[in-house]
Amino acid sequence: MKLETDVAIIGAGVAGLYCALNLPDDKKIKLITKSSLEMSDSYLAQGGICVLKEEEDFDSFFWDTMKAGHYENNQASVRQMIRKSPEVVNDLISYGVEFEQKDGKMLYTKEGAHSTARILYHRDITGQEITGKLLAQVKKKKNIEIMEYTEMIDLICYNNRCSGVMLRSKEGVIARLEAHYTVLATGGIGGLYQDSTNYPHLTGDSLALAIRHQINLKNMNYIQIHPTTLFMERTGRRFLISESVRGEGAYLLGSNKERFVDELLPRDMLTQKIYQQMKKEGSKHVWLTVAHLESDFIKQRFPNIYQRCMEEGIDITRQCIPVIPAQHYFMGGIEVDLYSKTSMEHLYAVGETSCNGVHGANRLASNSLLESLVFAKEAAVHIGSTFEKNNTIKPLADGKVYENYEQIKAADKKLILQEIERVNQNEQRNITQNKCG
Ligand SMILES: Cc1cc2nc3c(=O)[nH]c(=O)nc-3n(C[C@H](O)[C@H](O)[C@H](O)COP(=O)(O)OP(=O)(O)OC[C@H]3O[C@@H](n4cnc5c(N)ncnc54)[C@H](O)[C@@H]3O)c2cc1C
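Right, let's walk through the structure included here. Fair warning: this is a prediction, and the values are worked out from it, not measured in the lab. (Residues numbered from 1 in each chain as written. Predicted model: local features only at pLDDT ≥ 70, side-chain atom pairs only at ≥ 80, totals over all residues. Heavy atoms only, no water.)

**So, the site of the ligand**
How we decide: Here a residue is near a molecule or strand as soon as one of its heavy atoms is found within 4 Å of it. In protein, a polar contact means a hydrogen-donor-capable atom and an acceptor-capable atom, both N or O and within 3.5 Å, with residues adjacent in sequence counting only if both atoms are side-chain atoms; elsewhere, any N or O pair within 3.5 Å suffices. Under the convention used here, a 1.4 Å probe and the Shrake-Rupley method define accessible areas, while residue burial counts only the protein chains that appear. Secondary structure follows DSSP: runs of H or I at least 4 residues long count as helices, runs of E at least 2 residues long count as strands, and numbering of each begins at the N terminus. For this classification, the nonpolar set comprises Ala, Val, Leu, Ile, Met, Phe, Trp, Tyr, Cys and Pro, the charged set comprises Asp, Glu, Lys and Arg, and every other residue, Gly included, is treated as polar.
Residues in close proximity to the ligand total 39 residues, the closest being Ser42, Asp205, Glu352, Ser368 and Leu369. Between the ligand and Ala15, the relevant distance is 3.1 Å, taken from an oxygen atom to a main-chain nitrogen or oxygen of the residue. For the ligand, a nitrogen atom lies 3.1 Å from a polar atom in the backbone of Lys34. Contact with the protein chains hides 99% of the accessible area of the ligand, taken as 1,000 Å² for the molecule alone. Going through the elements one at a time, α1 (14-22), α2 (41-44), β8 (150-158), β15 (321-330) and α11 (368-386) are the ones with two or more residues in the shell around the ligand. Of the residues assigned to the shell around the ligand, the class counts are 13 nonpolar, 20 polar and six charged.

Now the structure itself:
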C-alpha cells in the first residue's frame, strides 16, 4: 500500500500535536501514533510548565536550568526556550488551556532546583489539560489526518535525505508513506526499562532508526531517574509522585521516619541520596509525607495523586507514601539544531526523542513540556518557510522485508541499549541505575 502527504508527523504527544498546528494550513499532514491518541506521556504530566513570568526572571531561569543540567546545556537552546515561553503559553491559553488563577492572576508553583515559583499548572493534571486541548484543535483542522494504532517501523531514505516512513497497522499491514518532510516526535525510552513512569510502548523507536540510518545522536547516556515514584511490589508502569508535592512542602523520611535530605535538590542528586539511604537501611523504598499539610489543601491541590494512592490503600492526608526512584526522562536523543533539524535532509525531530542540548546532563523540573512545545513550533515554522518538494523519493527499500516484526523490535531495543552502554563506557560513567526489562 502506498500513501502520500506533505508532512508526516510521527507521534501525537504535545510535540507532534503542536508541530501539526503550527504548519501552514495548505500543507497536508498525516499524524501517526502507534497507540491511542490519549496514550502519550504528555497526558501523564502532572507538575506543570515553566514560563518566563517577567523579564527580571530571565537570568535566574537561565541559570537554574544550567545548574540543574551541570552546565552541559546548549546555552543558545536554553535562551531560545525561555525567550519563547510566553508566546507558547499564550498560544495554549488561546486554545482554551486553563491554568490555576486567583483573583484574575496566574498562580505559579515551585519545584526542585527552581529559585523562584515560575511553573504554571492545572491541578496535578497539567499534561492532560494541555494535550487534550491541543488535540481538540488538531481534530478541527481539515488538513490534518490522524492515524491511530499505526507504527513507524522504518524511514525511507536515500543519500541522507528522508522521504517518508514505513508504517505497520495493528493488524500487521505494511504501508509506505511518502512525505516531503518527516518529523519524529516519538517521545522517550521508558518502555525499555523495568521501572519507569513512562508508557511501556514508548521504546525509543526513532533512536533505533537513527542508529540504523547513521543519523547523529547526542548524549545517549543522559537518562533521568525520578526520585519519587510510588513503590509497589508488582511490576508495571510506576506512578509518579510529582516533584510539586515536594515543592509544596512534602518531607522525605527514612525507615525511622526521620528526614534525611533536602527534598528540593536537583533530581539526579536527590535520586543518589535516596539510593544511598535505601542501601544504608537495606530497605526497598523510603517514605514521602504530606500528612503535616492541610488535608483539604492536599485533596484540592493533588486530586489525582490523592485518588491514585487511595486506590493502593494509602490515605496521603494521614499516611506516608512509600517511594522509590524510577526511569523518567531522556535528556539525550537525535541531535537537532535550533530549528529541530536532524543531520538528515528533510527530517526533523522534536520533543523527548530529540536533543537540542537544552537540558544538559539533567533536566530541570517542568522544562520538558515547554521545550517540546517551543522546538516543535520552530520545526513547523522552518518547514513552512523553507518548504520544497522532495524529488528524490526512491522505490523502496532495497527489497527489505518487514514481516519479522518481533525480531525487528527485539533488535531495535538491543541497538539502543548497546549505544547507551557504549557511550557510558566511553565516558566512564553510569547514570542509568535501574534495570532494563
Ligand atoms: C508521569 C510523568 C509526569 C511528567 N510530568 C511533567 C511535568 O509536570 N512537566 C513537564 O514539563 N514534563 C513532565 N513530564 C515529561 C513530559 O511529559 C514529556 O517529556 C513530554 O510530554 C514528551 O512529549 P513528546 O510529545 O515528546 O512525547 P509523548 O507525549 O510521549 O508522545 C510520544 C508519541 O509518539 C508515539 N510513538 C512512539 N513511537 C512510535 C512509533 N514507532 N510509531 C508511531 N508512533 C509512535 C506515541 O504513541 C505517542 O503518541 C512527565 C512525564 C511523565 C512520564
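**Things to note about helix α5 (residues 126-140)**
Test applied: Take the residue count of a helix, subtract one, and multiply by 1.5 Å to get its expected span. Each residue's exposure class comes from its accessible area (1.4 Å probe, protein chains only) as a fraction of the maximum for that residue type: buried when under 20%, exposed when over 50%, partly exposed otherwise.
Relative to the 21 Å expected for 15 residues at 1.5 Å per residue, α5 spans 22 Å between its end C-alpha atoms, a close match to the ideal helical length. Taken residue by residue, α5 has Thr126, Gly127, Glu129, Ile130, Thr131, Leu134, Leu135, Gln137 and Val138 as its buried positions.

**A closer look at the sheet that holds strand β14 (residues 286-289)**
Rules: Two strands pair under a simple rule: DSSP has to find at least two bridges between them. Orientation is described by axes fitted as lines to C-alpha atoms, over the contacting stretch for helices, and by angles from 0 to 180 degrees between their N-to-C directions. Contacts are assigned to residue pairs with any non-hydrogen atoms lying within 4.5 Å of each other.
Across the sheet, which stays open at both edges, the four strands sit in the order β12-β15-β14-β13 with antiparallel pairing between neighbours. The open sheet has two edge strands with one neighbour each: β12 (223-230) and β13 (251-253). For this sheet, the mean angle separating the axes of adjacent strands, direction not counted, is 45 degrees. Running over the sheet, helix α8 (residues 267-281) touches β12, β13, β14 and β15 and is turned about 55 degrees from β12.

**Considering the pattern of salt bridges**
What counts here: Each salt bridge in this description consists of a side-chain nitrogen of Lys or Arg and a carboxyl oxygen of Asp or Glu lying within 4 Å of one another.
Throughout the structure, instances matching the rule amount to 27 salt bridges. Between Lys27 and Asp26 there is a salt bridge, and its shortest N-O distance comes to 3.3 Å. Judged by relative accessible area, Lys27 falls into the buried class, the value being 13%. A salt bridge links Lys30 to Glu145; the shortest N-O distance between them is 2.7 Å. Here Glu145 lies in strand β7 (residues 144-147) and Lys30 lies in strand β2 (residues 29-32), a separation of 115 residues in the sequence. Residue class for Glu145 comes out partly exposed when judged on its relative accessible area of 39%. Residues participating in the shared-partner salt-bridge network are Lys2, Glu4, Arg176 and Glu178.

**Quick look at the environment of Ser77**
Secondary-structure assignment places Ser77 in helix α4 (residues 75-94). Along the sequence, Ser77 and Leu17 sit 60 residues apart, while their C-alpha atoms lie 21 Å from each other. The residues touching Ser77, leaving out its near neighbours within four places in the chain, are Leu338, Asn356, Val358 and Phe375.

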